[in-house]
Amino acid sequence: MKMDITDATDIANLINTFYDKVKEDEILGPIFNVQIPVNWQVHLPVMYRFWENAIFYTGGYTGNPMALHAHIHKKIGLEAKQFERWLKLFNETTDELFEGEKAELAKERALSIARVMQQKLLNA
Ligand code: HEM
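All values derive from a computational prediction rather than experimental measurement.

Let us now look at the site of the ligand. Near the ligand there are 20 residues, and of these Phe 32, His 43, Tyr 61, His 69 and Ile 72 occur at the shortest range. Side-chain polar atom of Tyr 61 to an oxygen atom of the ligand: 2.6 Å apart, as the coordinates give it. Contact between the ligand and His 69: a nitrogen atom at 2.9 Å from a side-chain N or O atom of the residue. Judged by the proximity of its atoms to the pocket grid, the ligand belongs to the largest pocket. Looking at the shell around the ligand element by element, the count peaks at five residues for helix 3 (residues 40-56). Its residues placed into classes, the shell around the ligand shows 17 nonpolar, three polar and no charged.

Here's what the structure looks like:
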């Protein structure tokens, strides 16, 4: 039986697995690999803190994802299909690795943030 997300190690596992898929994905890969070349050594620890805060309310993330994605949108023009793929990969990864209340919470948080982001950036 799969276990729920319980600690920082689980979050790191979830996020590493998710971005491994993102990098390989035909829709999202080129954004992270080419258009906005991401420094993974910097980016991944930020993502761990973001998700630790989103799921365990650690208060350890102080960034502004909305402003950052607005900047990305201005630069490369994000589209609805990219948000759909992002969510699909996030949900798939979570379900592959975990099962339980926190796993459900992670997917709910991803969906609500993605929807707000998409609404604000694309008006759609
Ligand atoms: C179309 C969908 C998305 C694309 C293409 C995208 C792309 C990116 C890129 C290129 C970065 C910059 C990495 C860097 O700084 O090097 C980033 C950062 C980030 N993304 Fe996304 N993203 C998407 C959706 C989301 C969603 C739905 C969430 C949250 C649920 C999210 C959370 C974050 C966070 C927390 C950061 C780091 C912010 C910081 O540096 O403080 N992203 N994203």
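Turning our eyes to something else, we now look at the coordination of the iron atom of the ligand. Ideal geometry at a metal gives 109.5 degrees between four tetrahedral donors and either 90 or 180 degrees between six octahedral ones. Looking at the iron atom of the ligand, one finds just one donor atom contributed by the protein, His 69 (NE2), at 2.0 Å. Looking at the element boundaries, His 69 is found in helix 4 (residues 65-76).

One pass over the full model with this rule turns up 10 aromatic pairs. When the centroid spacing of 5.3 Å and the interplanar angle of 55° are considered together, the rings of Tyr 19 and Trp 40 count as tilted. Here Trp 40 lies in helix 3 and Tyr 19 lies in helix 1 (residues 8-24), a separation of 21 residues in the sequence. Each member of the pair, Tyr 19 as well as Trp 40, is classed as buried. Both rings, one in Phe 50 and one in Trp 51, keep their centres 5.2 Å apart while their planes meet at 90°; by these two values the pair is edge-to-face. There is no split in this pair, since Phe 50 and Trp 51 are both buried. Residue placement shows Lys 23 over the ring face of Trp 40; its charged tip is 4.6 Å from the ring centre.

The next thing to look at is the layout of surface pockets. The volume enclosed by the largest pocket comes to roughly 770 Å³. Along its surface, the largest pocket is lined by 31 residues, and Phe 32, His 43, Leu 68, His 69 and Ile 72 are the ones closest to its centre. Taken together, the elements giving at least two residues each to the lining of the largest pocket come down to helix 2 (29-35), helix 3, helix 4, helix 5 (80-97) and helix 6 (101-122). Counted by class, the lining of the largest pocket contains 23 nonpolar, six polar and two charged residues.

Let us now look at the packing of helix 5 against helix 6. Between two packed helices, both the angle of their axes relative to each other and the distance between the axes serve to describe the pair. Taken N-terminus to C-terminus, the directions of helix 5 and helix 6 make an angle of 175°; their axes are 10 Å apart at the nearest point. Relative to helix 6, the element helix 5 lies roughly antiparallel. Of the residues in helix 6, those in contact with Ala 80, Phe 83, Glu 84, Trp 86, Leu 87, Phe 90, Asn 91, Thr 94 and Asp 95 of helix 5 are Ala 103, Ala 106, Lys 107, Ala 110, Leu 111, Ala 114, Arg 115, Met 117, Gln 118, Leu 121 and Leu 122. Residues belonging to the contact of helix 5 with helix 6 are distributed by class as follows: 13 nonpolar, three polar and four charged.

This part takes up helix 4. Given a rise of 1.5 Å per residue, 12 residues ought to cover 16 Å, and the 16 Å separating the end C-alpha atoms of helix 4 matches this to within 8%. Gly 77, located one to two residues past helix 4, shows a positive phi value of around 70°.

What counts, and where the lines are drawn
- Residues numbered from 1 in each chain as written.
- Predicted model: local features only at pLDDT ≥ 70, side-chain atom pairs only at ≥ 80, totals over all residues.
- Heavy atoms only, no water.
- Near = heavy atom within 4 Å.
- Polar contact = N/O pair within 3.5 Å; in protein donor to acceptor, adjacent residues only side chain to side chain.
- 1 Å grid on protein atoms, 1.4 Å probe; cavity = no way out; pocket = protein on both sides within 12 Å on 5 of 7 lines; lining within 4 Å.
- Sits in = over half its atoms within 2 Å of the grid points.
- Helix = DSSP H or I, 4+ residues; strand = E, 2+ residues; numbered from the N terminus.
- Nonpolar A, V, L, I, M, F, W, Y, C, P; charged D, E, K, R; others polar.
- Donors = N, O, S within 2.8 Å, 3.2 Å for Na, K, Ca; no water.
- Phe/Tyr/Trp six-rings, centres within 6.5 Å; stacked < 30°, edge-to-face > 60°.
- Buried < 20%, exposed > 50% of the residue type's maximum accessible area, 1.4 Å probe, protein only.
- Lys NZ or Arg CZ within 6 Å of the ring centre and 35° of its normal.
- Points joined across faces, edges and corners; volume = space filled by probe spheres on them.
- Axes fitted to C-alpha atoms, helices over the stretch in contact; angles between N-to-C directions.
- Parallel < 35°, antiparallel > 145°, perpendicular 65-115°, else oblique.
- Contact = heavy atoms within 4.5 Å.
- Expected span 1.5 Å × (residues − 1).

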